[in-house]
Amino acid sequence: MLWTTLVMAFREIRRNALRSFLTTLGIVIGVGAVIAMVTLGQGATIKVTGDVAKMGNNLLTVSPGSERRGAVSVAATMFTLDDANAIRRDVSSVRFVAPTASRATSMVYANRNYTATVTGSINAYLDVRGYALDRGRIFSETEQRVGMPVCVLGETVRKELFGAEEALDATIRVGKLACRVVGVFASKGQSTFGFDQDDFVLMPLATFQRRIAGTTDVGAIFVSARDEGSTVKAKRQIEALMRERRRIALGAAPDFAVRDMKEISDTLATITRALTALLGAVAAVSLLVGGIGIMNIMLVSVTERTREIGIRMAIGARAHEVLLQFVVEAIVLSVLGGLLGMGLGLAGSFAVARLVGLPFVLMPEVVLLAFAFSAAVGIAFGIFPARKASRLNPIEALRHE
Amino acid sequence: MSAGATAGERRVEPGRAPLVALSGVEKVYGKGESQVYALAGADLRIDNGEFVAIMGPSGSGKSTCMNIVGCLDQPTSGSYRFRGVEVGTLSRDELALLRRHYLGFVFQGFNLLARTSAVENVELPLVYRRVAAGERRRLALAALAAVGLEGREKHTPAELSGGQQQRVAIARAIVTNPSILLADEPTGNLDSARSVALMELLVALNRTRGITIVMVTHEPDMAAYSTRTVVFRDGKVASDGPTSRRAGAGHAP
């Protein structure tokens, strides 16, 4: 009987193909939206946490803050190379320490001119920040100690200055310094925060301090903890050490900050997750609206088919058989809509993920849930019109014009 | 289907009890001042194999009687026994089962499912009887052949003439081999040539298959095909007797 009812439902839906499609459109869009939102949201979460991890999940940034003196805030004292060496020497839970100083500088190669950040640091910078070389080499001991004019280009800078030309062993002018290109970084792309991580030039810290900045200041010290678990400990140790070295009284506010990437990544993940939930909820509302659309059309259909219901009853259909017929029709409609929406949602989110460079994360539980919800909508909103149909008086139904 | 004591399964030995027995049946519509007696104590007995024409002016209660005999409606008071079973106390679902197993309907307005082929229309009662698809198709095709509609099985009602549509309706009514075929003004929407053909079909079904037929009509020409005529007036049976054969009317005996 159920099979026959199912066949009858399909026949009825096919008989009114256009109307059935329009009826089910609400469900299609609802299910599609839920799946697309949640899938893309999940992709965004993974991308964000992945990006932060690329920066180094166990990365700590030590930077000078600003000091308040009355109404004006004055930039706090910079760090020096000694501070970095002290961290490496005295903090046990630290693996790499990279003191850096940087400044936006214009650079020239042949007739091309470009301005980018020039960063002075030591080789540990690559380990701490997660950069790798595309080709060439990193600085030698001597180059770092003596401060020789050599540099490694970020991919964006290389493209701007060299285009299709070979950059290795070429000499560019950075500020007033003629500088030999010894390597090119592999591209890291955009960071989570939207800035280009390839738009910089790295040179030895000594070279930067002597030939570009003319000071021995260190702007920020990047530190990578031994592992993810030891970031908290490392952070505490560095804070203690720097307070001591900068002679900050116990209880006074420090004039520097130690920031933890893990914190940032957790916050970002929480935010994207909350956004996903929010968008998913909005999409779920549209699913509900789609259900009401089905109920509306089923009610119209019951009125339109009053005579048919009368015929079926005269022939011997019992109330629950008429009920079953209309409920099954509503379920078939919404399940078809759910299937269509599923396809649309997955295809749409796949396309969008490709377009904006998010990972496409298929979440079977969400797909199943949205689908099950669409079937539930069919039952919930199909039952009222179906009850109405099943309670008709056969004589009046037969007389209905 | 757990049948239990449902009316459809409560089979009564035919022959003992009359097929249809109404005694003192009243049907009242409305309440208080506006009460209307559609039937005011109707008595009627119909036996197997009869071809009864029910006549009477409009408002005489003949349609109400038809609905009660067809188990679509129940009497307000009085007794209606169908094959010995008291119908007045049955539930809606039990009535539905009675209709499913023993009754066939033909209406003035044909009442076929639109945009549904003839054979599918005829199959419909078998669907509710849980007949398997293959057997269903076979029985439906046989019923369509019996009413002379071979070759039109795939046509939808819109593609058939009025007479053909009514034949499909008759096929639908007889496909289940009912004890009784109820026809409510079956020729009301047909021209006279088609009406005659249809009546001849009904007479043939009555004679060859022994199907009991109860037909409501207000056309004496059509009533002439029956074997017994019951006339209703003011909710009561006014006259009941063998159909008088008027000269020139009806069929050759």
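Notes on the structure follow.

## Considerations on the overall build of chain B
Moving on, step 1. Of regular secondary structure, chain B possesses seven helices and 10 strands.
Moving on, step 2. The C-alpha radius of gyration computed for chain B amounts to 18 Å, which stays within 12% of the reference 18 Å derived for 253 residues, consistent with globular compactness.
Moving on, step 3. Along the longest, intermediate and shortest principal axes, the C-alpha atoms of chain B span 55 × 55 × 40 Å.
Moving on, step 4. Burial status across chain B gives 54% buried among its 253 residues.
Moving on, step 5. Summed over its atoms, the accessible surface of chain B is roughly 10800 Å², and 49% of this surface lies on carbon and sulfur atoms.
Moving on, step 6. Of the side chains in chain B, 30 bear a positive and 25 a negative charge, and the two mean positions are spaced by 4 Å.

## Remarks on the packing of aromatic side chains
Residue and element names in this part refer to chain A.
Moving on, step 1. Evaluation of the coordinates by the stated rule reveals 10 aromatic pairs over all chains.
Moving on, step 2. Plain terms: the ring middles of Tyr125 and Phe222 are 6.0 Å apart, the flat faces sit at 75° to each other, and that makes the pair edge-to-face. Of the two residues, Tyr125 is situated in helix α4 (residues 124-129) and Phe222 in strand β11 (residues 220-225); the sequence distance between them amounts to 97 residues. Comparing Tyr125 with Phe222 shows no difference in burial state: the two are buried.
Moving on, step 3. With centroids separated by 5.4 Å and ring planes inclined at 10°, the aromatic side chains of Phe185 and Phe200 adopt a geometry described as stacked. Of this pair, Phe185 sits in strand β9 (residues 177-185) while Phe200 sits in strand β10 (residues 200-204), and the two are 15 residues apart along the sequence. Side by side, Phe185 and Phe200 carry an identical accessibility label, which is buried.
Moving on, step 4. Through successive ring pairs, a cluster of aromatic residues spans Tyr125, Tyr131, Phe185, Phe200 and Phe222.
Moving on, step 5. The ring centre of Tyr131 lies 4.4 Å from the NZ or CZ of Lys188, which sits over that ring.

## Considerations on the interface of chain B and chain A
Moving on, step 1. The partner chain A presents 27 residues to the 26 residues of chain B that form the contact.
Moving on, step 2. Summed over both sides, the interface of chain B with chain A buries roughly 2400 Å², with 56% coming from carbon and sulfur.
Moving on, step 3. A per-residue breakdown of the area chain B buries against chain A is headed by Arg92(B), Asn111(B) and Tyr128(B), which together make up 25% of the total.
Moving on, step 4. Seen at the junction of chain B and chain A, the total is three salt bridges.
Moving on, step 5. Where Arg100(B) meets Glu321(A), a salt bridge forms, and the shortest distance between an N and an O atom there is 2.5 Å.
Moving on, step 6. At the surface where chain B touches chain A, the tally comes to 13 residue pairs in polar contact (both at pLDDT 80 or more).
Moving on, step 7. Breaking the side of chain B that touches chain A down by element, the ones donating at least two residues are α2 (92-102) and α3 (118-128) of chain B.
Moving on, step 8. A total of six residues in the side of chain B that touches chain A trace back to one element, the largest contributor, which is α2(B).
Moving on, step 9. Partitioning the side of chain B that touches chain A into residue classes produces 13 nonpolar, three polar and 10 charged.

## Regarding the side chain of Asn16(A)
Moving on, step 1. Its place among the elements puts Asn16(A) in the loop between α1 (2-15) and α2 (17-56).
Moving on, step 2. For Asn16(A), a relative accessible area of 18% corresponds to the buried category.

## Observations concerning the sheet that holds strand β1 (residues 20-29) of chain B
All names here are of chain B.
Moving on, step 1. Within the open sheet, the four strands sit side by side as β2-β1-β4-β5. Their pairing is antiparallel. This sheet does not close on itself; its edge strands, each paired only once, are β2 (36-46) and β5 (85-86).
Moving on, step 2. Relative to strand β4 (residues 77-82), β1 runs antiparallel, the two being bridged by five bridges. Bridge pairing in β4 links Ala21 to Arg81.

The rules behind the values
- Residues numbered from 1 in each chain as written.
- Chains lettered and ligands numbered in written order.
- Predicted model: local features only at pLDDT ≥ 70, side-chain atom pairs only at ≥ 80, totals over all residues.
- Heavy atoms only, no water.
- Helix = DSSP H or I, 4+ residues; strand = E, 2+ residues; numbered from the N terminus.
- Rg over C-alpha atoms; globule rule 2.2 N^0.38 Å.
- Buried < 20%, exposed > 50% of the residue type's maximum accessible area, 1.4 Å probe, protein only.
- Areas by Shrake-Rupley, 256 points an atom, 1.4 Å probe, with all protein chains shown as cover.
- Lys, Arg positive; Asp, Glu negative; His and termini not counted.
- Charge placed at Lys NZ, Arg CZ, Asp CG, Glu CD.
- Phe/Tyr/Trp six-rings, centres within 6.5 Å; stacked < 30°, edge-to-face > 60°.
- Lys NZ or Arg CZ within 6 Å of the ring centre and 35° of its normal.
- Contact = heavy atoms within 4.5 Å.
- Buried area = accessible area lost by both parts, 1.4 Å probe.
- Salt bridge = Lys/Arg side-chain N within 4 Å of Asp/Glu carboxyl O.
- Polar contact = N/O pair within 3.5 Å; in protein donor to acceptor, adjacent residues only side chain to side chain.
- Nonpolar A, V, L, I, M, F, W, Y, C, P; charged D, E, K, R; others polar.
- Pairing = 2+ DSSP bridges.

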